[in-house]
Amino acid sequence: MNLVFLGPPGAGKGTIASIAKDAFGIPHISTGDLFRANIKNETELGKLVKGILAAGNLVPDEVTIKMVENRLGEADALNGYILDGFPRTVAQADALEEMRKPEHVVNFVLDRSEILKRLSGRRVCKSTGRTYHIIYNPPKEEGIDDETGEPLIQRDDDKEEAILNRLDVYEKSTAPLIDYYRKKGILIDLDCSGKPEDILENLKALLK
């Protein structure tokens, strides 16, 4: 099964993908993880991406497309994939059609107020990167990391103003993709307001 997960930051794509990959027996392929892996392994594409990001530029479509194409050629992805973070543009969607067509595109739907609550409540331990949530996954002692005892911080991109800006950027850039896949008749709207295990069951039902 070839799946694409589309949705705003905070909608839970990564969380659902991490349990869906085991349920469906296909890999979760995140472009962020792909970039990090290629940079860490010092592949030719990784060196190129590192230079682009260091200069503060966006990675061009052709570089991202090539990374995804390489990843889809690996043995674990031959029976299917869950793509998260790709495609982001219509040009990338066209390229995916040529590589390995998605069978279903899952559009993660969540109210803006719920996204704000999820993202603005995130707290991070600076030295270890461990994340908490003031509502859903609080530390034992408020504002303090369970293991190191350090004060937890709120990242700048988890502050309300930054979140609203990210949502605006997402909506502008992804609206054409939602139309693109709806016209193809393969877009599925998935309500993401419940518990992850309930959302997964709902997804399974929609895919049948």
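Everything here concerns the structure above.
This report concerns the structure included in the present document. (Residues numbered from 1 in each chain as written. Predicted model: local features only at pLDDT ≥ 70, side-chain atom pairs only at ≥ 80, totals over all residues. Heavy atoms only, no water.)

### Considerations on the overall build of the chain
Now for step 1: When helices and strands are counted, the chain shows 8 helices and 7 strands.
Now for step 2: Its C-alpha radius of gyration of 18 Å places the chain within 12% of the 17 Å reference for a compact globule of 208 residues.
Now for step 3: Referenced to the eigenvectors of the C-alpha coordinate spread, the extents of the chain come out at roughly 50 × 40 × 35 Å.
Now for step 4: Counting over 208 residues, the chain shows a buried share of 41%.
Now for step 5: Partitioning the intrachain contacts of the chain with sequence separation of at least 6 by distance along the chain shows that 65% fall at a separation of at least 24.
Now for step 6: Total accessible area on the chain is roughly 11500 Å²; 51% of this is exposed by carbon and sulfur atoms.
Now for step 7: Of the charged side chains in the chain, 29 are positive and 35 negative, and the gap between their average positions amounts to 1 Å. (Helix = DSSP H or I, 4+ residues; strand = E, 2+ residues; numbered from the N terminus. Rg over C-alpha atoms; globule rule 2.2 N^0.38 Å. Buried < 20%, exposed > 50% of the residue type's maximum accessible area, 1.4 Å probe, protein only. Contact = heavy atoms within 4.5 Å. Areas by Shrake-Rupley, 256 points an atom, 1.4 Å probe, with all protein chains shown as cover. Lys, Arg positive; Asp, Glu negative; His and termini not counted. Charge placed at Lys NZ, Arg CZ, Asp CG, Glu CD.)

### Details of the side chain of Thr64
Now for step 1: Positionally, Thr64 belongs in helix H4 (residues 61-72).
Now for step 2: Those residues in contact with Thr64 that sit more than four places away from it in its chain are Thr31, Phe35, Val59, Phe86 and Gln92.

### Observations regarding the environment of Ile115
Now for step 1: In this fold, Ile115 is placed in helix H6 (residues 112-120).
Now for step 2: Judged by its relative accessible area of 1%, Ile115 falls in the buried class.
Now for step 3: C-alpha separation for the pair Ile115 and Cys192, spaced 77 residues apart in sequence, amounts to 10 Å.
Now for step 4: Ile115 has contacts with Pro8, Pro9, Leu110 and Leu167, leaving out every residue within four places of it along the chain.

### Comments concerning the packing of aromatic side chains
Now for step 1: For the coordinates displayed, the defined rule picks out 2 aromatic pairs.
Now for step 2: Here the aromatic rings of Phe5 and Phe108 are separated by 4.9 Å at their centres, their planes lie at 55°, and the arrangement is tilted. Placement of Phe5 in strand S1 (residues 2-6) and of Phe108 in strand S4 (residues 104-109) is noted, with a sequence separation of 103 residues between them. Of the two residues examined, Phe5 and Phe108, each falls in the buried class.
Now for step 3: With centroids separated by 4.9 Å and ring planes inclined at 80°, the aromatic side chains of Tyr180 and Tyr181 adopt a geometry described as edge-to-face. (Phe/Tyr/Trp six-rings, centres within 6.5 Å; stacked < 30°, edge-to-face > 60°.)

### Digging into helix H8 (residues 196-207)
Now for step 1: Its 12 residues place the ends of H8 16 Å apart at the C-alpha level, agreeing with the 16 Å of an ideal helix rising 1.5 Å per residue.
Now for step 2: Among all positions of H8, only Ile199, Leu200, Leu203 and Leu207 are buried. Each buried residue of H8 lies within a common arc of 100° when the element is viewed along its axis, so the set occupies one face.
Now for step 3: Contacts made by the buried residues of H8 are with S1, helix H1 (13-24), S4 and strand S7 (187-191). (Expected span 1.5 Å × (residues − 1). Arc of directions from axis to C-beta.)

### Focus: the layout of surface pockets
Now for step 1: Empty space within the second largest pocket amounts to approximately 170 Å³.
Now for step 2: Taken together, 14 residues form the lining of the second largest pocket, with Pro8, Phe108, Leu110, Tyr170 and Glu171 sitting closest to its centre.
Now for step 3: Breaking the lining of the second largest pocket down by element, the ones donating at least two residues are S4, H6 and helix H7 (160-184).
Now for step 4: Among the elements that make up the lining of the second largest pocket, the one with the highest residue count is H7 (6 residues).
Now for step 5: For the lining of the second largest pocket, the class distribution of residues is 9 nonpolar, 2 polar and 3 charged. (1 Å grid on protein atoms, 1.4 Å probe; cavity = no way out; pocket = protein on both sides within 12 Å on 5 of 7 lines; lining within 4 Å. Points joined across faces, edges and corners; volume = space filled by probe spheres on them. Nonpolar A, V, L, I, M, F, W, Y, C, P; charged D, E, K, R; others polar.)

### Concerning unusual backbone geometry
Now for step 1: At the junction of Phe86 and Pro87, the peptide bond is cis and its omega measures out at -5° in the coordinates.
Now for step 2: Position of Pro87 relative to the elements: it lies in the loop between strand S3 (81-84) and helix H5 (90-99).

Structural measurements only, silent on function.
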